[in-house]
Amino acid sequence: MANVDERLPYRDEALQINQRVDDLLDRMTLEEKVGQLVGTWAGELDTTKGLDDVEAEITEYGVGAVATFGWAGARDLRLDDVVETVNYLQEIAQSETRLDIPLLFNVDAVHGHAYVAEATAFPNSLGMAATWDESLVESSAEVTATEVRTSGGHQNYSPTCDVARDARWGRTFETFGESPFLCGKLAAAQVRGYQDDGIENPSSVIATAKHFPAYSEPVRGEDASPVETSEYMLRNVFLPSFVDAIQEGVESVMPCYNVINGEPAHGSRRFLRESLRGDLDFDGTIVSDWNGVQMLHDNHQIAADHRDSVQLTRDAGLDIASVDAVEHAEHLQSLVEEGKLAESVVEESVRRVLTQKFRLGLFEDPYVDTSKATDVVGADEHRAQALEAANESMTLLSNDGSLPLDADADILVTGPNADDPIHQLGGWSVPDPEGTDVVTIRDGIESLSSGTVTYERGSGIAETDDVEAAAQAAENADVAVVAVGENWYLHEFGPTALTGGDNNEFPNRSQLQLPDAQCDLLNAIHETGTPIVGVLVTGRPLAVNWLAEHAAGLLMAYYPGTMGGQAVAETLFGENEPSGRLPISIPRSEGRLPTRFNYLRHPTPIGSDQHPDSYDPLFAFGHGESYAEFEYGDIELSETTIGPHGSTAVSVPIENTSEREGTAVVQAYVSDDVSSRVTPVKELRGFGRVTLEGGESGIATIRIEANSLGLAQEDGSRSAEPGNYTLEIADQRATLTVESNYN
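The structure contained in this document is the topic of the report that follows. (Residues numbered from 1 in each chain as written. Predicted model: local features only at pLDDT ≥ 70, side-chain atom pairs only at ≥ 80, totals over all residues. Heavy atoms only, no water.)

### Here's the deal with the overall build of the protein chain
What counts, and what does not: A helix here means a DSSP run of H or I that spans at least four residues, while a strand means a run of E at least two residues long, and both kinds are numbered starting from the N terminus. We take the radius of gyration over the C-alpha atoms and set the globule estimate at 2.2 Å times the residue count to the 0.38 power. Burial classes follow relative accessibility: with a 1.4 Å probe on protein chains only, a residue under 20% of its type's maximum area counts as buried, one over 50% as exposed, and anything between as partly exposed. A contact between two residues is defined here by any heavy atoms of the two lying within 4.5 Å.
Secondary structure summary: the protein chain contains 23 helices and 28 strands in total. For the protein chain, the C-alpha radius of gyration of 26 Å lies close to 27 Å, the compact-globule estimate for 743 residues. Taking all 743 residues of the protein chain together, the buried fraction comes to 62%. Across the protein chain, every contact between residues at least 6 apart in sequence was considered, and the portion connecting residues at least 24 apart equals 77%.

In structure tokens:
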């Protein structure tokens, strides 16, 4: 085996890729074809699988995709091990298989290459969304792609295109928030960053838009439970961010685990072939979520067994089964041999997979340069980028004037999230701090303070620590910085074996308030009279009513990543001007859910004064305070009347009326005055950032496209109805008219 003649056409770099694919496909047996459509793993999933097991799957079955690093139970978490394993298995594929087809390694690098200890972790997506900065999201994704590719990965299971619709849901922190428009713009930015000008670029990776078509409003807020939604909501809320990613050229799409209106996405021709490939014109690979195939028979029970599930997914249009490995391959082969599945279906998928491998350059060089990986992964310039992202994400929710802190103030640093690297990284990251070099909040404050800094943990996430010691320390401090919130978790707030909690303890679906242990700490410090500055390290918007009322300052830090503690400290001391704005509403309680800024208009049968407010958050979508102060002037439109395919430039003057430099995050909202279908009270339709020196004035300009104002059609396109639309920026309003035949 191996030592394939380099003169064979598929080995010839001078030929077109489609010619190389045709030649290779003609040489492949059915067994070799199905092998390219399944993936395997090394590590701990439902069973433990070692390197020797993976080697056997490659040599005996031709398995084409592997995950040995870059996920929660992976075999390798340290860079040296990652590189060694990648090169070893690529050598096996090159020397021990008949056609020397290289392996594709896939990873979950959803906020930087965070499953490799030495790599750079950015804020999780909710924090990145708080930057409202497309270029920063793109450049951060570019750093991630560079680190992933340099360490041997080729496909990244990101961006998350889901729109957060229920704050109870444990995967809220993976989203870009509650606005379909913001989610779409930032998902598209990540696609550009991951794929650059094409996956032919040696520093790019395959981006994977997930979880198609609607994952993020499960009943009860329970991960992977059913989503019941209308066609209207599917088109206008859930699909637009996927449309943006597809239009940006995303190479891969991953279906969701759950059922949508009774149809499990992994086995649905309607969603995968008719909607995704047909209506939305997607031509890349469709890759299963982990265990998404087996869930069809194990959980959804729409298939009798694994073999039936394989047939359902292949009929539906799946290309790669991420971790189904050998059993899936055997079923797929037998289905073709027995005439229950056309071989052309298999070849169609294999062609897509091989095309991507050729475009990635894997047939020329599948190996990792060890010294380059060491230099690139976690490089200083990448950490600087992570600090910039964390700084821009910092969202100041409230401030009574106590912030920024004086550099020489005596500070108590306390709380369960003040000095815990893993909590700060959040989910989809290494579960052990060894080798991570995370700058915690405690580290950051100690590095910037010229006063006395005292640290007492005070409490854990849900268990009492030494509250009395923290209270005593507070009595001798000028201010107490209390870092509260949530710990590291995945999916349904587990796995508990790694997070260290019980699934009935906070954090969970039933509780958005801080648990008793953290409340006891806050109350004990408050009783000393020392001002409290609260820092929320959390994956979801928590109902922190007490802090909103009693804290001298309250900072939303999200899961801020490797350099998050430095960003928190720089913000608290005023070295960083807080410019983050909430990408999601913060509710007052679980009973107030859903709390969304873009709720649908509706009647108030006994009068509006008899109905509690439909939208009454603790902190609203788009909210965020600054140390600088801004005043907005009147909105001006370059065109007050446009056609259905036209656009207008919306300009608004802004003045920084303070003495500090600051950044105004300009948000343009639109509402349809009269529409044929009920529409939201308002929707975000544009945004931008404007930085001004103290006393400086400037003009923010945002272009509004007419088609962005309309409702979505089956193919994802939008068309605006004729009529008047109200534009809103800050407290300024203007009217835009769309005419059906305006030139």
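Now that the structure is up, let's keep going.
### Description of the sheet that holds strand 22 (residues 662–672)
The strands that make up a sheet pair up through hydrogen bonds in the backbone, lying either parallel or antiparallel. Spelled out, the test is: DSSP bridges decide pairing: two strands pair if at least two such bridges lie between them.
The sheet built from five strands is open, its strands ordered 20-28-27-22-23 with mixed pairing. Each edge of the open sheet carries a strand with a single partner, namely strand 20 (641–642) and strand 23 (683–692). Relative to strand 28 (residues 732–738), strand 20 runs parallel, the two sharing two bridges. Looking at strand 28, one finds that threonine 641 is bridged to threonine 737.

### Here we look at the pairing of strand 21 (residues 647–656)
Among the 10 residues that make up strand 21, seven are buried, leaving the element largely enclosed by the rest of the structure. Bridging between strand 19 (residues 636–637) and strand 21 involves two bridges; their strand directions are antiparallel. In the sheet register, glutamate 636 faces strand 21, and the bridge partner there is serine 651. In terms of strand pairing, strand 21 meets strand 24 (residues 697–705) through nine bridges, oriented antiparallel. Bridged to valine 650 within strand 24 is isoleucine 702.

### Remarks on empty space enclosed by the protein
Let me state the cut-off plainly: A pocket, in this scheme, is an open set of points on a 1 Å grid over the protein atoms alone with protein on both sides within 12 Å along at least 5 of 7 lines, while a cavity is a set where a 1.4 Å probe fits but cannot get out; residues line either one if an atom lies within 4 Å of a point. Grid points are joined across faces, edges and corners, and a volume is the space filled by probe spheres set on the points. Polar here means any residue outside two lists: the nonpolar Ala, Val, Leu, Ile, Met, Phe, Trp, Tyr, Cys and Pro, and the charged Asp, Glu, Lys and Arg; Gly therefore counts as polar.
The tally for this structure, following the rule as stated, stands at two cavities of 30 Å³ or more. The volume enclosed by the largest cavity comes to roughly 70 Å³. The wall of the largest cavity is formed by 14 residues, among which Val110, His111, Phe122, Met128 and Gln190 lie closest to the centre. Contributing elements (two or more residues each) for the lining of the largest cavity: helix 5 (125–129), helix 6 (134–150) and helix 7 (180–195). The greatest single-element share of the lining of the largest cavity, amounting to four residues, is contributed by helix 6. When grouped by side-chain class, the residues that make up the lining of the largest cavity number seven nonpolar, seven polar and no charged. What lines the second largest cavity is simply Ala114, Val116, Ala117, Ala119, Ala121, Leu425, Val430, Thr436, Val438 and Thr562. Partitioned by chemical class, the residues of the lining of the second largest cavity number eight nonpolar, two polar and no charged.

### Comments concerning the environment of threonine 229
With respect to the helices and strands, threonine 229 occurs in the loop between strand 7 (206–212) and helix 8 (231–238). Sequence separation between threonine 229 and histidine 306 is 77 residues, and the spatial gap between their C-alpha atoms is 28 Å.

### Points about the packing of helix 16 (residues 380–393) against helix 23 (residues 564–572)
What counts is decided by this rule: Angles run from 0 to 180 degrees between N-to-C directions of axes, and those axes are lines fitted to C-alpha atoms, restricted for helices to the stretch in contact. Working rule for angles: under 35 degrees goes down as roughly parallel, over 145 as roughly antiparallel, 65 to 115 as roughly perpendicular, anything else as oblique. The sense of a crossing depends on the near helix, which, turned anticlockwise from the far helix by less than a right angle, makes the crossing left-handed and, turned clockwise, makes it right-handed.
Axis separation between helix 16 and helix 23 bottoms out at 8 Å; the angle between their running directions is 50°. The angle between helix 16 and helix 23 places the two elements in the oblique class. Here helix 16 and helix 23 pass one another in a crossing that is right-handed. For the pair helix 16 and helix 23, the contacting residues are Leu387, Ala390 and Asn391 in the first and Gly564, Gln566, Ala567, Glu570 and Thr571 in the second. Counted by class, the contact of helix 16 with helix 23 contains three nonpolar, four polar and one charged residues.

### Some points on the pattern of salt bridges
To be explicit about the condition: A carboxyl oxygen of Asp or Glu within 4 Å of a side-chain nitrogen of Lys or Arg is what we treat as a salt bridge.
Following the criterion strictly, the structure yields 45 salt bridges and no others. One salt bridge in this structure joins glutamate 222 and arginine 509, with 4.0 Å as the shortest N-O distance. Residue glutamate 222 is found in the loop between strand 7 and helix 8, and its partner arginine 509 is found in the loop between helix 20 (496–499) and helix 21 (516–527); the two are separated by 287 residues along the sequence. One connected set of salt bridges, linked through shared partners, spans Glu231, Arg235, Glu263, Arg270 and Glu714.

### Points about the environment of glycine 401
Mapped onto the elements of the fold, glycine 401 is located in the loop between strand 12 (395–399) and strand 13 (411–414). Judged by its relative accessible area of 59%, glycine 401 falls in the exposed class. Linking glycine 401 and alanine 470, residues 69 residues apart in sequence, is a C-alpha distance of 24 Å.

### Digging into the side chain of threonine 144
Examined against the element boundaries, threonine 144 turns out to sit in helix 6. Here threonine 144 is in contact with Ala109, Gly112, His113, Phe122, Asn156 and Tyr194, once residues within four sequence places are set aside.

### Some remarks on the side chain of threonine 414
Stated precisely, the cut-off is as follows: Distance and chemistry together define a polar contact, namely a pair of N or O atoms within 3.5 Å, with one atom able to donate a hydrogen and the other to accept it when in protein, and with adjacent residues in sequence counting only for side-chain atoms on both sides.
When you line up the elements, threonine 414 lands in strand 13. Note on threonine 414: relative accessible area 0%, which makes it buried. At a separation of 3.2 Å, a polar atom in the side chain of threonine 414 contacts the main-chain carbonyl oxygen of arginine 457. Setting aside residues up to four positions removed in sequence, threonine 414 forms contacts with Glu456, Arg457, Gly458, Ala470, Val481, Val482, Ala483, Leu521 and Ile525.

### Focus on the state of the cysteines
Our working definition: Criterion for a disulfide: a pair of cysteine sulfur atoms within 2.5 Å.
Tallying each qualifying case throughout the model produces zero disulfides. Here cysteine 161 stays unpaired: no disulfide links it, and the sulfur of cysteine 183, its closest cysteine neighbor, is 8.4 Å away. The class for cysteine 161 is buried, based on a relative accessible area of 0%. Residue cysteine 256 stays outside any disulfide, its sulfur separated by 12 Å from that of cysteine 161, the closest cysteine.

### With respect to the packing of helix 18 (residues 441–448) against helix 23
Relative placement of two packed helices is described by the angle separating their axes and the distance separating the axes. Interhelical geometry of helix 18 versus helix 23 gives an angle of 45° and a closest axis separation of 7 Å. Compared by their axis directions, helix 18 and helix 23 come out oblique. Crossing of helix 18 over helix 23 shows right-handed handedness. Contact with helix 18, carried on its side by Ile441, Gly444, Ile445, Ser447 and Leu448, involves Gly565, Gln566, Val568, Ala569, Glu570 and Leu572 of helix 23 and no other residues of that element.

### A word on the packing of aromatic side chains
Our working definition: We call Phe, Tyr and Trp rings a pair once their centres come within 6.5 Å, taking the six-membered ring for Trp, and we label the pair stacked below 30 degrees between planes, edge-to-face above 60, and tilted otherwise. By the criterion adopted, a ring carries a charge over it if an Arg CZ or a Lys NZ lies within 6 Å of its centre and within 35 degrees of its normal.
Following the criterion strictly, the structure yields 18 aromatic pairs and no others. Ring centres of tryptophan 132 and phenylalanine 621 lie 5.5 Å apart, and the angle between their planes is 55°; this geometry places the pair in the tilted category. Of this pair, tryptophan 132 sits in the loop between helix 5 and helix 6 while phenylalanine 621 sits in the loop between helix 23 and strand 18 (630–632); the two residues are 489 residues apart in sequence, bridging distant segments of the chain. Considered together, tryptophan 132 and phenylalanine 621 belong to a single accessibility category, that of buried residues. Relative to phenylalanine 621, the ring of phenylalanine 597 has its centre 4.1 Å away and its plane inclined at 10°; by these criteria the two rings are stacked. Of this pair, phenylalanine 597 sits in the loop between helix 23 and strand 18 while phenylalanine 621 is found in the loop between helix 23 and strand 18, placing the two residues 24 residues apart along the sequence. Pairwise contacts between aromatic rings join Trp132, Phe181, Phe597, Phe621, Tyr669 and Phe687 into one cluster. The side chain of lysine 49 reaches across the aromatic face of tryptophan 41, ending 3.6 Å from its centre. Residue placement shows lysine 682 over the ring face of tyrosine 669; its charged tip is 4.4 Å from the ring centre.

### Looking at a negative patch on the surface
The cut-off we apply is this: To count toward a patch, a residue needs a relative accessible area over 30% and no salt bridge; like charges are then connected within 9 Å, while nonpolar side chains (Val, Leu, Ile, Met, Phe, Trp, Tyr) are connected within 5 Å. Methods summary: accessible areas were calculated by the Shrake-Rupley approach with a probe of 1.4 Å, and residue burial reflects only the protein chains presented. Charged residues are defined narrowly, with Lys and Arg counted positive, Asp and Glu counted negative, and His plus the chain ends left uncounted. Taken as the charge centre is NZ of Lys, CZ of Arg, CG of Asp or CD of Glu, depending on the residue.
Together, Glu31, Asp305, Asp308, Glu327, Glu330 and Glu337 make up a region of like negative charge exposed at the surface. Along the chain, the position of glutamate 337 falls in helix 13 (residues 325–337). Relative accessible area serves as the criterion here: at 55%, glutamate 337 is assigned to the exposed category.

### Describing unusual backbone geometry
Cis geometry marks the peptide bond from serine 158 to proline 159, where omega comes out at 15°. Within the fold, proline 159 resides in the loop between strand 6 (155–156) and helix 7. A cis geometry characterises the amide bond from phenylalanine 506 onward to proline 507, with omega recorded as 0°. Tracing the backbone through its elements, the reader meets proline 507 in the loop between helix 20 and helix 21. The phi torsion at tryptophan 132 lies on the positive side, around 50°, for a residue other than glycine. Non-glycine residue tryptophan 428 carries a positive phi angle of around 60°.

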